[in-house]
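Coordinate analysis (summary)
Here are the chains, one letter per residue:
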Amino acid sequence: YILRINSKELKINRREFFDALGAENICCNVHYIPVYYFPYYEKQGYHKGLCPNAEALYEEMISLPLYYAMTDKDCDDVINAVKKIAEYYKK
């Protein structure tokens with residue numbers, strides 16, 4: 001499940017939110033890296049700045065765990081951790 005970290009609302013960036021979730025035992029991930037960030041495409045001449053909207057979203061998004069074997073308690077743990085971090089870092 002995608003979560004967008006709104007820097008206008010929170011005093012925390014994506015990396016810090018990611019780390020805070022890890023401290024709460026919630027394993028998240030970063031997805032949707034702009035393809036041209038990969039070395040192969042850099043060598044082909046693609047460069048950062050090509051798609052500023054995609055790059056801005058990439059800097060604000062993390063993926064929360066969401067899979068078929070999650071229990072209701074697992075879901076509650078994720079929700080509670082996100083709420084706790086968001087509340088703590090609210091501007």
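Before reading further, recall that the structure is shown in the block above.
Below, the structure is looked at part by part. Note that this is a predicted model, so its numbers are computed, not measured. (Residues numbered from 1 in each chain as written. Predicted model: local features only at pLDDT ≥ 70, side-chain atom pairs only at ≥ 80, totals over all residues. Heavy atoms only, no water.)

**Comments concerning helix 4 (residues 72-88)**
Put simply, the test is: In this description a helix means any DSSP run of H or I spanning at least four residues, a strand means any run of E spanning at least two, and both kinds are numbered starting from the N terminus. Expected helix span is given by 1.5 Å per residue-to-residue step, counting one fewer step than there are residues. Categorising residues by exposure relies on relative accessible area from a 1.4 Å probe, with only protein chains included: less than 20% of the type maximum marks a residue as buried, more than 50% marks it as exposed, and the intermediate range marks it as partly exposed. Within this analysis, the arc is defined by the directions that extend from the helix axis to the C-beta atoms. The contact definition used throughout considers only heavy atoms, calling two residues in contact when any of these lie within 4.5 Å.
End to end, helix 4 covers 24 Å across 17 residues, agreeing with the expected 24 Å (1.5 Å per residue, within 8%). Those residues of helix 4 not exposed but buried are V78, A81, V82 and I85. One face of helix 4 carries all of its buried residues, which in axial projection span an arc of 95°. Exposed positions of helix 4 whose direction lies more than 90 degrees from the buried face are D72, K73, K83, E87 and Y88. In this structure, the buried side of helix 4 is in contact with strand 1 (2-4) and helix 1 (14-23).

**Quick look at the environment of A23**
Within the secondary structure, A23 sits in helix 1. For A23, a relative accessible area of 61% gives the class exposed. With 22 residues separating them in the primary sequence, A23 and Y1 have C-alpha atoms 19 Å apart.

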